[in-house]
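# Examining the three-dimensional arrangement
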Amino acid sequence: APWRLMMSLTPSRGCLLDLPWEDILVPHILCHLPLQQLLSLQSVSRSFQSLIQLYLANMHCFDSSKIGPAIPRAAFVNLLKDNEVLHQLVLQNCSDWLTDRELLPVIGQNHHLQQIQLKGCAQLSRHALVAISLSCPNLRQLSLAHCEWVDSLSLRSLADHCKALEAVDLTACRQLKDEAICYLAQKCGKLKSVSLAVNANVGDVAVEEIAKCCPDLEHLDLTGCLRVKNDSIRVLAEYCPKLRSLKVKHCHNVAESSLSILRGRGVELDVEPPLQRALVLLQDVVGFAPFINLQI
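Residues numbered from 1 in each chain as written. Predicted model: local features only at pLDDT ≥ 70, side-chain atom pairs only at ≥ 80, totals over all residues. Heavy atoms only, no water.

## Quick look at the sheet that holds strand β4 (residues 141-143)
Two modes of strand pairing occur in sheets, parallel and antiparallel, and in both the strands are linked by backbone hydrogen bonds. Our working definition: Pairing between strands is defined by DSSP: at least two bridges between the two strands are required. For the purposes of this entry, the term helix denotes a DSSP run of H or I that reaches at least four residues, the term strand denotes a run of E that reaches at least two, and both are numbered from the N terminus.
Taken in spatial order, the nine strands line up as β1-β2-β3-β4-β5-β6-β7-β8-β9 in an open sheet, and their pairing is parallel. Of all the strands in the sheet, the pair left with one neighbour each is β1 (61-63) and β9 (268-269). Bridge analysis of β1 against strand β2 (residues 88-90) gives three bridges, and the strand direction is parallel. Following the sheet pairing, Cys 61 is matched in β2 by Gln 88.

## Overview of unusual backbone geometry
As a reminder of what qualifies: For the exposure calls, accessible area comes from a 1.4 Å probe over protein chains only, and a residue counts as buried if that area is under 20% of its type's maximum, exposed if over 50%, partly exposed in between.
We note that His 146 has phi near 60°; this positive angle belongs to a residue other than glycine. Mapped onto the elements, His 146 comes out in the loop between β4 and α8 (152-161). Using a relative accessible area of 42% as the deciding quantity, one classes His 146 as partly exposed. The phi torsion at Ala 172 lies on the positive side, around 60°, for a residue other than glycine. Residue position: Ala 172 is located in the loop between β5 (167-169) and α9 (178-187).

## Description of the environment of Cys 147
Positionally, Cys 147 belongs in the loop between β4 and α8. Cys 147 sits 27 residues away from Gly 120 along the chain, and the two C-alpha atoms are 5.8 Å apart.

## Structural notes on helix α12 (residues 256-264)
This is how it is decided: Working note: the arc is built from the helix axis to C-beta atom directions.
Listing the buried residues of α12 in full gives Glu 256, Ser 258, Leu 259 and Leu 262. Summarising the axial view, the buried residues of α12 lie within an arc of 155°, below the 170-degree limit, and thus occupy one face. At the exit of α12 stands Gly 266, carrying a positive phi of roughly 85°.

## Points about the pattern of salt bridges
Threshold: We define a salt bridge as a side-chain nitrogen of Lys or Arg found within 4 Å of a carboxyl oxygen belonging to Asp or Glu.
The full count for this structure, using the stated rule, is nine salt bridges. Salt-bridge contacts for Glu 102 lead to Arg 73; the nearest nitrogen and oxygen are separated by 2.9 Å. Residue Glu 102 is found in helix α6 (residues 100-108), and its partner Arg 73 is found in helix α5 (residues 73-80); the two are separated by 29 residues along the sequence.

## Describing the state of the cysteines
What counts, and what does not: Any pair of cysteine sulfurs within 2.5 Å is marked as a disulfide.
Under the counting rule described, the total for this entry stands at zero disulfides. Cysteine Cys 121 is unpaired, with the sulfur of Cys 94 as its nearest cysteine sulfur at 4.8 Å. Among the cysteines around Cys 225, which has no disulfide bond, Cys 251 carries the closest sulfur, lying 5.5 Å off. Judged by relative accessible area, Cys 225 falls into the buried class, the value being 0%.

## Concerning the side chain of Ser 157
Basically, it comes down to this: Pairs of residues are marked as contacts when any of their non-hydrogen atoms sit within 4.5 Å.
By secondary structure assignment, the location of Ser 157 is in helix α8. Once residues lying within four places of it in the same chain are set aside, the contact partners of Ser 157 are Val 130 and Ser 133.

## Some remarks on the side chain of Asp 63
The line we're drawing: In this charge count, Lys and Arg are treated as positive and Asp and Glu as negative; neither His nor the chain ends contribute. Polar contacts, as counted here, are pairs of nitrogen or oxygen atoms within 3.5 Å of one another; within protein the pair requires one atom able to donate a hydrogen and one able to accept it, and residues that are adjacent in sequence qualify only if both atoms are side-chain atoms.
Residue position: Asp 63 is located in strand β1. It is Lys 66 that comes nearest to the buried, bridge-free Asp 63 among opposite-charge side chains, at 4.7 Å. One polar contact links Asp 63 to Ser 65, side chain to side chain, over a distance of 2.7 Å. Not counting the four nearest positions on each side in its chain, Asp 63 is found in contact with Val 90 and Gln 92.

## Brief notes about the nonpolar core
What counts, and what does not: We define a nonpolar core as any set of buried Ala, Val, Leu, Ile, Met, Phe, Trp, Tyr and Cys residues linked to one another through side-chain atoms lying within 4.5 Å.
Residues Phe 62, Leu 89, Leu 144, Leu 170, Leu 184, Leu 222 and Leu 246 are the most contacted members of the largest nonpolar core, which totals 88 residues. Leu 222 has contacts with Leu 196, Ala 197, Val 207, Val 228, Ile 233, Leu 246, Lys 247, Val 248 and Cys 251, leaving out every residue within four places of it along the chain.

## Overview of the packing of aromatic side chains
Put simply, the test is: Each pair of aromatic rings taken from Phe, Tyr and Trp, with Trp reduced to its six-membered ring, is defined by centres within 6.5 Å and is described as stacked if the planes are under 30 degrees apart, edge-to-face if over 60, and tilted in the remaining cases. Here, a charge over a ring means that NZ of Lys or CZ of Arg falls within 6 Å of the ring centre while also lying within 35 degrees of the ring normal.
Counting across every chain of the model gives two aromatic pairs. Here Phe 76 and Trp 97 contribute two aromatic rings whose centre-to-centre distance is 5.5 Å and whose plane-to-plane angle is 55°, an arrangement assigned as tilted. One end of the pair, Phe 76, is in helix α5; the other, Trp 97, is in the loop between β2 and α6, and 21 residues separate them in sequence. Classification of Phe 76 as buried rests on a relative accessible area of 1%. These aromatic residues form a ring-pair network of at least three members: Phe 62, Phe 76 and Trp 97. The ring of Tyr 183 carries Arg 156 above its face, with NZ or CZ at 3.7 Å from the centroid.

## Focus on the environment of Leu 103
Relative to the helices and strands, Leu 103 is located in helix α6. Note: C-alpha distance between Leu 103 and Leu 91 (12 residues apart in sequence) is 9.8 Å. Not counting residues within four places of it along the chain, the set of residues in contact with Leu 103 comprises Leu 89, Leu 91, Leu 98, Leu 118, Leu 124 and Ala 128.

See below:
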């Protein structure tokens, strides 16, 4: 496969490697090839190995899922050891081995990161989030879903240093309570997308603070937040005119009386209005529900 790829890129005259590496090959050719194939090209020759290493040192986006179903620890360390220009870091399929030891050097040398995805990376610690906050002042998007090591102190560090944050996913970060979420909202007023799903410690206080401090909020996920009630949903409707979607499934204390305000504004909700829910239930119970004539 590497040889076929090389031949397809080789001009009819001369050699592919004769083209300027930094001006042509890296920014205009290699960037369009799958990362897994680029890594395979390293075995073609020493020159190709040097070319790919140059590419790895200058790439702006690293997504571990594009390498294969799993990436070895040593490979991850080697691939990013010379890179200081990453803008996007997406780490998937590596939760079995990824610890602070592997991640912190990458974070420490990449101060231009704008998007970091650490969903499910359960073996990291709060030191990883502190390192992110200190090294990535331009951070825009951060996913920490199912990272139960995230605590109030590390989240406060993030809020203090990453004020440009626009999207944060704190799904199932079960150590976090209202106080920590409130601090994040107060410091990061540019937030547009927030997920607090599957957190029984989050209630109305946090939701109301997000509503009042983040007027540009567009997406909020409160799935399974059992302490959230109608009052905070009404505050959300009052203070967030740009809200486009709200998830409140399994929020048993949130009723249609508060949701109807948002529904009337065209906000996308993940729960159906009472009448529609009743019809769906009826259709499940009665197999011939489509033939029932309901007059209301």
